[in-house]
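# What the coordinates show
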Amino acid sequence: MCKNKKVRVTIDSRDFDFPVIEGSEKEKGIDISSLRSETGYVTLDVGYANTGSTQSSITFLDGEKGVLRYRGYPIEQLAEKATFLEVAWLLFYGEMPTDSEIESFSQKVALGGDLHKDISNLFGGFAQDSHPMAIFSAGTMALSGYHPDFLKNGLSKEDKDRLFVCVMGQMATLAANIFRFKYGKAPINPDKSKSYEQNFLHMMFSEDDKEYRSSKSVLEALRVLLILHADHEQNCSTSAVRLIGSSLSNCFASLSGGIAALWGVLHGGANQKMIEMLEMIQNDGCGYKKYIEKAKDKKDPFRLMGFGHRVYRKLDPRANVIRAKCDALLEQLGKKDPLLDIAKELERTALEDEYFIERKLYPNVDFYSGIMYRAMGIPVEMFTVLFSLGRIPGWLAHWKEMVESSSFRISRPRQIYTGHTERNLF
Ligand code: SDX
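Residues numbered from 1 in each chain as written. Predicted model: local features only at pLDDT ≥ 70, side-chain atom pairs only at ≥ 80, totals over all residues. Heavy atoms only, no water.

### Notes on the domain arrangement of the protein chain
Domain boundaries in the protein chain define domain 1 (6-68) and domain 2 (72-417). Between the C-alpha centres of domain 1 and domain 2 there is a distance of 30 Å. Listed as interface residues are 21 residues of domain 1 and, on the opposing side, 24 residues of domain 2. If you sort the residues of domain 1 by the area they bury against domain 2, I58, L61 and L68 come out on top, with a joint share of 38%. Put simply, domain 1 and domain 2 have zero salt bridges between them. Linking domain 1 with domain 2 are six residue pairs in polar contact (both at pLDDT 80 or more), by the criterion used here. (Domains from an automatic or database assignment. Contact = heavy atoms within 4.5 Å. Buried area = accessible area lost by both parts, 1.4 Å probe. Salt bridge = Lys/Arg side-chain N within 4 Å of Asp/Glu carboxyl O. Polar contact = N/O pair within 3.5 Å; in protein donor to acceptor, adjacent residues only side chain to side chain.)

### Looking at the packing of aromatic side chains
To describe a pair of aromatic rings, one takes the distance between the centres and the angle between the planes. Counting across every chain of the model gives 17 aromatic pairs. Ring centres of F205 and Y212 lie 5.2 Å apart, and the angle between their planes is 50°; this geometry places the pair in the tilted category. Classification of Y212 as partly exposed rests on a relative accessible area of 21%. Arranged with centres 5.1 Å apart and planes meeting at 40°, the rings of Y373 and F383 form a pair that is tilted. (Phe/Tyr/Trp six-rings, centres within 6.5 Å; stacked < 30°, edge-to-face > 60°. Buried < 20%, exposed > 50% of the residue type's maximum accessible area, 1.4 Å probe, protein only.)

### Topic: the sheet that holds strand β1 (residues 6-11)
Spatial strand order, β1-β2-β3: three strands in an open sheet with antiparallel pairing. One side of each edge strand has no neighbouring strand; the edge strands of this open sheet are β1 and β3 (28-30). Neighbour-to-neighbour, the strand axes of the sheet open up by a mean angle of 30°, direction not taken into account. For strand β2 (residues 14-22) and β3, the ladder comprises three bridges, and the chain directions are antiparallel. In the sheet register, I21 faces β3, and the bridge partner there is G29. (Pairing = 2+ DSSP bridges. Helix = DSSP H or I, 4+ residues; strand = E, 2+ residues; numbered from the N terminus. Axes fitted to C-alpha atoms, helices over the stretch in contact; angles between N-to-C directions.)

Have a look at this one:
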């Protein structure tokens, strides 16, 4: 709270004072929780571009400076040094784990990865060409039936600890099993002796007669991508997780809703759309400049996928890391990807174009991530499932912070009604 700082608003010639809240990074907000009761007015902010939904100590991002920190640690340092499970622990508990904490947590997640034998029956109910995100959202909701006891005891610390382990283990196996179902392969059981990243790739790509051996560079790429996607404060899908959780619905229901929101092409679904856009440009043969012009044309619904962001007004720091890792991964794998060349040309040209400069549009996390997923052998329809896998600890951390908050209450926005005034049916 900004000690006794207030702002004064004059409404219908009356003055009203509202408290100012200042965060640890000097962000300021006007606390309008008494606005309607004092003035009869509500605010209107379609898309919530100017509206804070909560106070949070999990992730800080500065869109003007291109800064992203999880619990105060810069994303660049975590991407360089940490494992994904260490970052998951950091987000959920607020501090980096000790050696014994991470060892025990990693073992429990590995042991918690076996899915109930009946859950794969769910897949048969989906059309073969259903999108993996649809199955992932439904499968996550289905987990609530196999793990019913987390809301029973009013969410004790033990419940939340067990829920964290359960979700991290179960959803990695579920994600891999969805890939196996989509490609007509039998599921592969988790291998408890492997690291989280190794185990996921094993469950995705091993065959009954041949175990998949992850190369160091593919493992490193997966580790970095999962960390970079782990959290991003109050984005659309995290807000969906919080909104659903605010009714005290089941935590798996919140996560299922988060996956549903992330699927959208304006959000996490952009990583798949971005590759499809590059393939369209490549196949078109007219060159990428045509698509820069289409993106600028107000009459054309085409948007440059992986470009622009609600918060960043300069390069998304995650895109910076991913672009560098892209080059390294392709070199280590001895691969070339013509789509990377097109992406780099698109970025270079757009960043010199007045339309993009004026609107401060830069590559976001989804601009280069698909090139890395492709190089790792991940099919394009699974890209947003991989994004979800990374985001799970962030969603869980926000859900936990919300249910533990002293100001916890159900989220229920207001509106300005513009429909018919009263009229008679007869
Ligand atoms: C993610 O919020 C998060 O933190 C999300 C995320 C996370 O980690 O959770 O970072 C992950 O979702 C990244 C974003 C992925 N989506 C895309 O790459 C889709 C393409 N991007 C755009 O659709 C758009 O930039 C959004 C959806 C990301 C942001 O939309 P906003 O904030 O509503 O911005 P806007 O549409 O109001 O754009 C402002 C202007 C408009 O032009 P004018 O009306 O001012 O003339 O910029 C233009 C837009 O037309 N614009 C674009 C553009 N993005 C914005 N023009 C062409 N191509 C684009 N990609």
